[in-house]
Amino acid sequence: MSDNSNSRRDFFRKASLSGLAIFVTSRFSFGAKPSEQANSSLKQAITKLSEYQLTAQSKQNPLQYGYTDLEPYIDAKTMEIHFSKHHAAYTKNMNEASATSDFASKPLFQLFSEIEKYPVFLKNNAGGFYNHLLFWTIMGHSNGQEPEGTLLNAINDSFGTVAKFKETFSIAGKKQFGSGWAWLSVNEQGKLVVSSTPNQDNPLMSTTEVKGIPVLALDVWEHAYYLQYQNRRPDYVDSFWKIVNWKEVSRRYEEAILAIKQA
Ligand code: MN3
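Residues numbered from 1 in each chain as written. Predicted model: local features only at pLDDT ≥ 70, side-chain atom pairs only at ≥ 80, totals over all residues. Heavy atoms only, no water.

1. Regarding the packing of helix α7 (residues 149-159) against helix α11 (residues 246-262)
The angle between the axes and the distance between the axes are what describe a pair of packed helices. This is how the line gets drawn: All axes are obtained by fitting lines to C-alpha atoms, using only the stretch in contact for helices, and the reported angles, taken between N-to-C directions, cover 0 to 180 degrees. Comment: elements are numbered from the N terminus, with helices defined as DSSP H or I runs of at least four residues and strands as E runs of at least two. For classification, angles of less than 35 degrees are called roughly parallel, those exceeding 145 degrees roughly antiparallel, those between 65 and 115 degrees roughly perpendicular, and all remaining angles oblique. Residues count as neighbours in contact if any of their non-hydrogen atoms are within 4.5 Å of one another. Polar here means any residue outside two lists: the nonpolar Ala, Val, Leu, Ile, Met, Phe, Trp, Tyr, Cys and Pro, and the charged Asp, Glu, Lys and Arg; Gly therefore counts as polar.
Where α7 contacts α11, the axes come no closer than 9 Å and their chain directions differ by 80 degrees. Taken together, α7 and α11 sit at an angle that is classed as roughly perpendicular. Contact with α7, carried on its side by Thr 150, Leu 151, Ala 154 and Ile 155, involves Trp 246, Val 249, Ser 250, Tyr 253 and Glu 254 of α11 and no other residues of that element. Tallied by class, residues from the contact of α7 with α11 come to six nonpolar, two polar and one charged.

2. Quick word on the coordination of the manganese ion
Think of it this way: four donors in a tetrahedron around the metal ideally sit 109.5 degrees apart, and six in an octahedron ideally sit 90 or 180 degrees apart. Heads up, the rule is: Donor selection uses N, O and S atoms within 2.8 Å of the metal (3.2 Å for Na, K and Ca). Since no water is included, sites may look incomplete. To sort residues, take the accessible area from a 1.4 Å probe on protein chains only and compare it with the maximum for the residue type: under 20% means buried, over 50% means exposed, and anything in between is partly exposed.
Within the protein, the manganese ion binds to His 82 (NE2), His 132 (NE2), Asp 219 (OD) and His 223 (NE2); these donor distances fall in the range 1.9 to 2.2 Å. Mapped onto the sequence, the donors of the manganese ion take the spacing H-x49-H-x86-D-x3-H. Taken as a pair, His 82 in helix α4 (residues 76-98) and Asp 219 in strand β3 (residues 213-219) lie far apart in primary sequence, 137 residues in all. Each of the two residues, His 82 as well as Asp 219, counts as buried.

3. Concerning helix α8 (residues 162-175)
Filter applied, for reference: Here the expected length of a helix is defined as 1.5 Å per residue gap, with one fewer gap than residues.
The end-to-end C-alpha separation of α8 is 20 Å, in line with the 20 Å expected for 14 residues at 1.5 Å each. Looking at the buried residues of α8, the elements they touch are α7, β1 (180-186), β2 (192-198), β3, α10 (233-240) and α11.

4. Regarding the sheet that holds β1
To keep it simple, the criterion reads: The rule for pairing is simple: two strands pair if DSSP sees at least two bridges between them.
Spatially, the three strands line up as an open sheet ordered β2-β1-β3, and their pairing is antiparallel. Since the sheet does not close on itself, it has two edges, and those belong to β2 and β3, each with one partner. The mean inter-strand angle of the sheet, taken between neighbouring strand axes irrespective of direction, is 25 degrees.

5. Examining the nonpolar core
Within soluble globular proteins, side chains that are nonpolar tend to cluster in buried spots. Short version of the rule: In plain words, nonpolar cores are sets of buried Ala, Val, Leu, Ile, Met, Phe, Trp, Tyr and Cys residues tied together by side-chain atoms within 4.5 Å.
Counting residues in each nonpolar core, the largest one holds 72 residues, and the members touching the most others are Leu 108 and Leu 216. Broken down by element, the residue count for this core peaks at eight residues, all from helix α6 (residues 120-137). Leu 108 has contacts with Leu 54, Thr 55, Ala 56, Met 94, Ala 126, Phe 129 and Tyr 130, leaving out every residue within four places of it along the chain.

This is the structure in structure tokens:
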């Protein structure tokens, strides 16, 4: 018998003597609760993503298209203000709030996964930084693209049809009360799920109910549509489908699925 099993046996004997046997045995028999296992596998999966290199000191990535390229669905002035003022401000605030902190060099996704430990100011601005960074990449000039390949299969699997998925996602965006976001994410079981969050929260945050790796996002803050659509948020949400960059959503989906399989 190895030293290891001797010490294990010794541990159980001592635990039993001290009246802890039932507690110890039940811990070993049942292990972590399913929800704890799910959260820890998601925490593992996010470390495999290319965006895990982002920190609270990261900067805006340049837009991969011009301010006019999303017209007529999103007007150039809205894009300009949204990118160069709103997103720039979240980025600057996050950079400044973390500059002299011990979490400046920690991965942003790690901060999100334990966001309750940090000030709300950081949560709001780091969320604003990341959510917009993702948002810009999943849009592009309209070219009549639709989901295809493994992403299409996954959408059909979770929602029945692409039309039903779009309806579910659109409702999430239209019904989000006040400022917030609609999301399509890959959850810890590798399934696609739709959700919405308030403010600059996102599905990577420990405080968010529906957790996952986001692959598609829609900003439903008024600053995202008010110049062109005023109070008509539903029209803005419906227009969004004309400018989704499904190639990038697919890339993000494949990466998320691989990360979850490796976790
Ligand atoms: Mn915004």
